[in-house]
Amino acid sequence: MRYDCIIIGAGVAGLTAGIRCAKEGLHTAIISSGMSALHFSSGSIDLLGYRDNAVVYKPFEAIDQLTGTIAQHPYTKCGKPLIIEALLFFKQECEQQGLFLFDNGNLNHFHVTTLGTLKPTYFSQRSVFNEDVYSRFKAMKKIVIINFEGYRDFHPQLAAAQLSKHSLFANCEIVAKQIEMPQLQDDGKYPHEFRSIDIARIFEKEANIEKIADLIRLAAKDADFVVMPAVMGITNFNQIHNKLQSRTRLLVYEVPTLPPSILGMRIDNALKSRFAELGGVYIAGDKVVRADITDDVVNAIYTNSHPENPMEAQCYILSTGSFFSGGLVSEFDNMYEPIFKLKLHHEPERNKWYNQNFFHRDSHAFLQYGVLTDESLRPYDSNNNIIQNLYCSGAIMAHYNPIKEGCGSGVAISTGYKAAGQIINLLKRMS
Amino acid sequence: MIKLENISFDHCIKCTVCTIYCPVARVTHLYPGPKQSGPDTERLRIKNPELLDVSLKYCSNCKRCEIACPSDVKIADIIQTAKWRYSKKELRIRDFLLSRTDLMGTFGTLFSAIVNFFTHLGMVKYFLDVIFKIPSGRTFPNYASGTFTKWFKSVRKYQDNYADKVIYFHGCYVNYNYPQLGKDVVKVVNALGKGVIITKEKCCGVPLIANGYIKKAQSHGRHNIKVLSSALPDDKTKIVSASSSCTLALKHEYPNLLELDNSPIINNITYITQFILEEFEKGNILRLKPLSYTVAYHSPCHLERMGSAAFTIELLRKIPALTVKILHSECCGISGTYGFKNEYYGISQSVGNELFRIIDEAKPDFVVTDCETCKWQIEMNTKYKVIHPISLLAEAIE
Amino acid sequence: MKTLEAEVIVIGGGATGCGVLRDCTLRGIDAILIEKNDIASGTTGRNHGLLHSGARYAVRDLESATECIKENRILKKIAWHCIEPTGGLFVTLPEDDPNYHNRLLEACRFAGIDAKEISVKKALSIEPNCNPNILSAIWVPDGTIDPFRLTSANILDSIERGAHVFTHTQVERIMLKQNQVIGVQCYDKTAGEYLEIYAPIIVNASGVWGQHICKTAGIELKMFPSKGSMVIIDYRINNVVVNRCRVPSDGDIIVPGDTVSLIGTTSRKIPYDTIDELVVDDDEIDVLLSDGEKLIPNVSRARVLRAYCGVRPLIAVSGEMDGRDISRGVVLIDHKERDNVQGLITIAGGKLMTYRLMAEMTTDLIAKKLGNSKRCLTYKIPLPGSEKRVGYTKKIKYFSGIPNSVVGSTHYRHGERVHNILSLKKRNYGLICECEMVTLGEVEYAIKNLKVNDIVDLRRRTRIGMGPCQGELCAYRAAGLFTEFGDFTPDESTKLLMDFLEERFKGVKPVLWGDGLREFEFTYWIYQGLFGLGLVEDNNT
């Protein structure tokens, strides 16, 4: 099979790149081995949340400072103008699918977590309990955090206690409530399998919304605000949110939950639909296992299901993620990138991969391991030669720690966007 | 204790993604989902087979969990294996009959007029429901009045005119129920300048696996590997199939589930749309006339599992004037013989509802899909006719 | 300050201490147990959980071997729900001395251990995952024993019979009046308060920490700590105990323990002042895995879940000794005889297998001192959970409606007490830990009845967080339940969650590669990335 561009990996990076390529009219395929980390994400887009363990309020200023000091950081390779362009692109493409992202201009805003902590982020979905909400919130006196009886992945008491400690909420009463949804009780022979997704499906049935809204209203009648786990549906979330608010006459908002993340799945859904709409070819459930490279040029790649049938393209993007997603593989005494055997940034000794404590302030070293690339995001092979038609994006890249810096999705969007841009330019020049 | 060979459950990192995409868990809470039925409880079953949860019988083996899994866990295989390895097998005439597609096919085609007449009778359906627990709501596929292999005899002599050959694994459905699809395949392959070889194949084994007849499935598998590999004139010759489930069985189920060595044939097996596209890329392009239909394409689960749905879509897009609406990938619910059983019929129908809804929304001239059982399910539940992409292609050949 | 009185104070909540508490209670002696951490959190909970047949000692230590087989038979009666009589194999690898096989057979016969030679073919049919190149095999009545459940059952029975137990309570010093002990002063870490307990007899059953306890009474008792490390494999790679047929050494035993398998053990002498901060060394892991693979080849393909180590409590009667060479025989010291301190008894040495026997010996001495003439009954009164022996099949039928995996797992862990845990209320059998099938009902039961102070304790009672994901989803679920079922504030629950993840990480980090690293990345992503748990402290300011 022959394409203009093949993207390996369908996370935020791969899909952003795929949409950009397909939009430019390139014959683009994405090959994905299993679902992406979006399914476990907060569903907000973190740009740069922390620097040296301190919260970042002005992410673009911090990016300026970062690109001036860390030469190897993916943000440095992208540059601020491109990052801004990429974010706007991402936002617009999501909007095409009815997924509206809120941002605070030049500033980060904070969203509330399941534990009631506040996390800095750049884009949040409209229904997420965030900064925008907070500014409208100042006059408010009471927040009710609700959970649904039977749902074990959310403890409102813990969130309430943690949230009320924050100075922003100092003058506010925060109460935890539990509501019993009859839909959760009826045919639920195995209630222990209720996850966010099961409750989201109950919300997605139109007939249920009014009943649920009435239950919420009953539980939170004197509240100004209702905060609940993010389960307001995967596809028709805008209508559900509006309906809940209008029927309860309350401000109802969501917080991201333990996986599966409904908020993340909405983004996944939106990006994949957009890619398909633009004529992209999406191959799910197949794994790229090896590549055929001659003279620093990738000729073809081969997959698990089609080990002898080459898939060919003029350019390739590698966005297979970190260890979790299988982009990097660690063994007892080594690490490698499994498809192209690219040159990695990492420590060879296993005991240097981690720090002594789980919550160590310096996080863990392995999170910044990854593929080394040049300025155009092209990786090096084991002989230190640049592979000419391969570009890297997202969590497979080295020299940044997505969790410690709070920049995972920002890097994915920027590098995915940039990688696609490189290919578009290259192919234009060639034709 | 069993010898632990396939230990992909060990890679499960408990991310729960498989359960999100399980069509059965979506519609019934009788089924706790692939994560729990598969990798989670596999550790317990290894400890003690008595810890087997009967609820895993609800798995329809659509394999969407495996598509979703980011850890390469063969979840559906684990569950199918557990069904026969750890549970006591009770003999059921219904399961026996449903799984013996070739036996039933031989009988059905011999007496097709009578069989077809009876399977559509209300009384008979009632009888099947009560005695065999086969749902009376289910429409049975008709048997053809002659088999595909019988027809093929009439065209075999022409196949030698072609220097290049392709082995065609037609499967039971083409042979007994729908020889026309086989005729279309032969037409398309011949149009590509290649001759067709067919072998003395047996049922690929998918229905046997689904009903727990693993030994029988293994013996079929061994037979098929043998006849197919010995029919291969050289390494380059392709073995094509136009059935997504047969292809999956030959490629995937044989080694992973039946623990058979299919290395003599694995690199030759290709799903037909991929084979045709590759020919196109080599410059061996079919001249196609415009077909001004609007079709809705449904990608079958087992085709998705092989990452091959994209090839069918590509091929359909090559037919001039054809408008292809790609339906959001959903399981139709029938899952082979699953939807033919009373205890799963309701689930099977609820699983399909989403697909039926989006088909109605798409308002196509007809539906296109690669899988025979998807065809039955969709034709039974919507007003649309369902045709195979190869039949469409055959129609477009000038 | 709170003060209490009793006849006997037992210091140390390991198997021995808990055994002494139970033995005392059964003889009507009023006893209190104090443990500085959680029950079974020291050496007791840090071994490979082998229910010795005695064969491992037979060649070199006949006395231990004989004790083992005797206790083995008793434990199978009184504590069957903590035991799985899997049987065991001694297999000779091509590189091993083939003569050891016969020596072992003979020694077993001498010790009264029912060992029999079996063909290699038979051995491979019993354990199909064993190395197929073995030269010979011996079958022995080895099994597995769960130290947490065993100790917990002793405590549960004692409490139900009126004894008092203080966990997370540190003994500060032994109080003496002239040369007679009168009690202990201790600090309750959970409540944050001091308390004094008075009793005429104090049993020092604190294992390797006994050196320190004696010191507070002015007595010198020298321990020679020896570290033993083990690794845990994600699932049961074997269903019977597999021993290597050679002189005991590093990495020569693989024990199936509940849903996992453990490869044991190393032996290294360590300085006494390091016993509280033991770490598994990387080269120990190398040895365990490379030798483990020789016994069961799947070791190299399987995920390693954790590595952990314990300290062997060996008392030096005199001179220097190596960890493995010394007899693990029981040392019972009446300090009246040895140091002229009346009322203080030290019980040490021995092993998990002989905990009951050690408790019996100690309690006999206590009873003698107290003039109590009641006989020991622990050899025949079953522990709570082991009252009736009922197989899975019956229980599964009884609780039909609840998944077999849940009923079976709960029954496996709690025996007959499954009836106090499971009910057909849907909420009751909702799963909290999906890897080990720990239900909400089981968590509730443990928090309310089994002396659980935090999620780490809960893990020892229920196996929560001990499966492949090491607490990735269940840790948060469980933390919230402490607020619901226990008297923990939400903030305390959040703190418990942090502590638990830190504790799990200790055992995970030495084996952080492959799927283990992926799992950790995921867990870290959830708790730090998604929840911002490590930022809780910052968040508060």
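Residues numbered from 1 in each chain as written. Chains lettered and ligands numbered in written order. Predicted model: local features only at pLDDT ≥ 70, side-chain atom pairs only at ≥ 80, totals over all residues.

**A few points about the overall build of chain B**
Worth spelling out the cut-off: Only DSSP runs of H or I with at least four residues qualify as helices, and only runs of E with at least two residues qualify as strands; both kinds are numbered from the N terminus onward. We compute the radius of gyration over the C-alpha atoms and compare it with the globule rule, which gives 2.2 Å times the number of residues raised to the power 0.38. Neighbour density around each residue's C-beta defines its exposure: 20 or more other C-beta atoms within 10 Å make it buried, 12 or fewer make it exposed, and counts between make it partly exposed, where C-beta atoms are placed from the backbone. In this description, any two residues whose backbone-derived C-beta atoms lie within 7 Å of each other are considered to be in contact.
Broken down by element type, chain B carries 21 helices and eight strands. Over its C-alpha trace chain B gives a radius of gyration of 21 Å, about what one expects of a compact globule, namely 21 Å for 398 residues. For chain B, buried positions account for 55% of its 398 residues. Relative to all contacts within chain B whose residues are 6 or more apart in sequence, the contacts with residues 24 or more apart total 78%.

**Thoughts on the overall build of chain C**
Each helix and strand in chain C was counted, giving 19 helices and 24 strands. Taken along its principal axes, the extent of the C-alpha atoms in chain C is 65 × 60 × 45 Å. Within chain C, the proportion of its 541 residues that are buried is 62%. Pairs at least 24 apart in sequence give 71% of the contacts found in chain C among residues at least 6 apart.

**Remarks on the domain arrangement of chain C**
Residues and elements named next belong to chain C. Stated precisely, the cut-off is as follows: Residue ranges for the domains trace back to a domain assignment, done automatically or taken from a database. Ten residue types, Ala, Val, Leu, Ile, Met, Phe, Trp, Tyr, Cys and Pro, are classed as nonpolar, four, Asp, Glu, Lys and Arg, as charged, and the remainder, Gly among them, as polar.
Segmenting chain C into domains produces domain 1 (2-43 + 148-223 + 327-370), domain 2 (83-145 + 226-312) and domain 3 (392-540). On a C-alpha basis, the centroid separation for the pair domain 1 and domain 2 is 32 Å. Contacts between the two partners involve six residues from domain 1, matched on the other side by six residues from domain 2. A breakdown of the residues in the side of domain 1 that touches domain 2 according to their chemical character gives four nonpolar, two polar and no charged.

**With respect to unusual backbone geometry**
Looking along the chain, the bond that leaves Pro259 of chain A and enters Pro260 of chain A is cis, with omega of -5°. Along the chain, Pro260 of chain A falls in the loop between strand 12 (251-255) and helix 11 (262-277). That bond from Gly264 of chain C to Thr265 of chain C is cis: its omega, -25°, falls within 30 degrees of zero. Positive phi is not limited to glycine here, since Asn53 of chain A has a value of about 65°. Inspection of the secondary structure assignment puts Asn53 of chain A in the loop between strand 3 (50-51) and strand 4 (54-55). On the basis of neighbour counts, which here come to 13 C-beta atoms within 10 Å, the residue Asn53 of chain A falls in the partly exposed class. Look at Asp258 of chain C: it is not a glycine, yet its phi comes out positive at around 55°. Examined against the element boundaries, Asp258 of chain C turns out to sit in the loop between strand 17 (253-257) and strand 18 (260-264).

**Remarks on the packing of helix 1 (residues 12-23) of chain A against helix 11 of chain A**
All names here are of chain A. This is how the line gets drawn: Note on method: axes are straight lines fitted to C-alpha atoms, helices fitted across the in-contact stretch only, with angles between N-to-C directions ranging 0 to 180 degrees. An angle below 35 degrees is treated as roughly parallel, one above 145 as roughly antiparallel, one from 65 to 115 as roughly perpendicular, and anything else as oblique. The hand of a helix crossing depends on one turn: near helix anticlockwise from the far one by less than a right angle means left-handed, and clockwise means right-handed.
For the pair helix 1 and helix 11, the least separation of the axes is 9 Å and the interaxial angle reads 25°. Between helix 1 and helix 11, the interaxial angle falls into the category roughly parallel. By crossing handedness, the relation of helix 1 to helix 11 is classed as left-handed. Counting all contacts with helix 1, which are made through Leu15, Gly18, Ile19 and Ala22, the residues of helix 11 involved are Leu271, Lys272, Arg274 and Phe275. Per-class residue counts for the contact of helix 1 with helix 11 are five nonpolar, one polar and two charged.

**What to know about the interface of chain C and chain A**
Many analyses report the size of an interface as the accessible area lost when the parts associate. Counting residues at the interface gives 43 residues for chain C, matched by 40 residues for chain A. For the side of chain C that touches chain A, the leading source of residues is helix 18 (residues 514-530) of chain C, giving 11 residues.

**Here's the deal with the domain arrangement of chain B**
All names here are of chain B. Its domain assignment divides chain B into domain 1 (8-86) and domain 2 (294-396). Broken down by secondary-structure element, the contributors of at least two residues to the side of domain 1 that touches domain 2 are helix 2 (23-27) and helix 4 (64-68). When grouped by side-chain class, the residues that make up the side of domain 1 that touches domain 2 number six nonpolar, three polar and three charged.

**A short note on the interface of chain B and chain C**
Listed per partner, the contact involves 24 residues of chain B and 32 residues of chain C. Tallied by class, residues from the side of chain B that touches chain C come to 11 nonpolar, five polar and eight charged.

**Some thoughts on the sheet that holds strand 11 (residues 169-177) of chain C**
Pairing between the strands of a sheet is mediated by backbone hydrogen bonds and can be parallel or antiparallel. Residues and elements named next belong to chain C. Selection criterion: When DSSP finds at least two bridges between two strands, those strands are taken to pair.
Pairing within the open sheet is mixed, and its four strands lie in the order 1-13-12-11. Only two strands of the sheet have a single partner each, and these edge strands are strand 1 (2-5) and strand 11. Between one strand axis and the next, the sheet turns through 25° on average, direction left out of account. With eight bridges joining them, strand 11 and strand 12 (residues 180-188) adopt antiparallel strand pairing. Looking across to strand 12, one finds that Met175 is bridged to Gly183.

**Regarding the nonpolar core**
Note on soluble globular proteins: their nonpolar side chains tend to be buried together. Under the convention used in this document: Each nonpolar core consists of buried Ala, Val, Leu, Ile, Met, Phe, Trp, Tyr and Cys residues. Their C-beta atoms, within 7 Å, join them into a set.
In this structure, Ile6 of chain A together with Val8, Ile9 and Val203 of chain C are the most contacted members of the largest nonpolar core, which totals 435 residues. Counting residues per element, this core draws most heavily on helix 18 of chain C, at eight residues.

**Examining helix 11 of chain A**
All names here are of chain A. How we decide: A helix's residues, less one, multiplied by 1.5 Å, set its expected span.
Between its first and last C-alpha atoms helix 11 spans 22 Å; for 16 residues at 1.5 Å apiece the expected length is 22 Å, and the two agree. Burial analysis of helix 11 places 12 of its 16 residues in the buried class, the great majority of the element. Of the positions making up helix 11, those classed as buried are Ile262, Leu263, Gly264, Met265, Arg266, Ile267, Asp268, Ala270, Leu271, Lys272, Arg274 and Phe275. Just downstream of helix 11 lies Gly279, where phi reads positive at about 85°.

**A few points about the sheet that holds strand 5 (residues 83-84) of chain C**
Residue and element names in this part refer to chain C. What the three strands build is an open sheet, ordered 4-9-5; its pairing is antiparallel. On the outer flanks of this sheet lie strand 4 (50-51) and strand 5, each paired with one strand and no other. Relative to strand 9 (residues 143-145), strand 5 is paired through two bridges, and the arrangement is antiparallel. Bridged to Ile83 within strand 9 is Ile145.

**So, the confidence of the model for chain C**
Put simply, the rule reads: By definition, pLDDT measures how confident the predictor is in each residue, and it falls between 0 and 100.
On average, residues of chain C score 93 in pLDDT, and 97% of them are at 70 or above. In the predicted assembly, ipTM is 0.97 and pTM is 0.95.

**Some words on the environment of Asn262 of chain B**
Residue and element names in this part refer to chain B. Here Asn262 shows up in the loop between helix 15 (244-256) and strand 4 (269-271). Note on Asn262: 23 C-beta atoms within 10 Å, which makes it buried. Residues Asn262 and Leu286 lie 24 residues apart in sequence; the distance between their C-alpha atoms is 32 Å.

**Comments concerning the packing of helix 14 (residues 440-449) of chain C against helix 16 (residues 474-485) of chain C**
Residues and elements named next belong to chain C. The interhelical angle for the contact between helix 14 and helix 16, taken along N-to-C directions, is 55°, at an axis separation of 10 Å. Here helix 14 lies oblique to helix 16, going by the angle between them. The element helix 14 and its partner helix 16 pack so that their crossing is right-handed. Touching Val443, Glu444, Ile447 and Lys448 of helix 14 are Ala478, Leu481, Phe482 and Phe485, all from helix 16.

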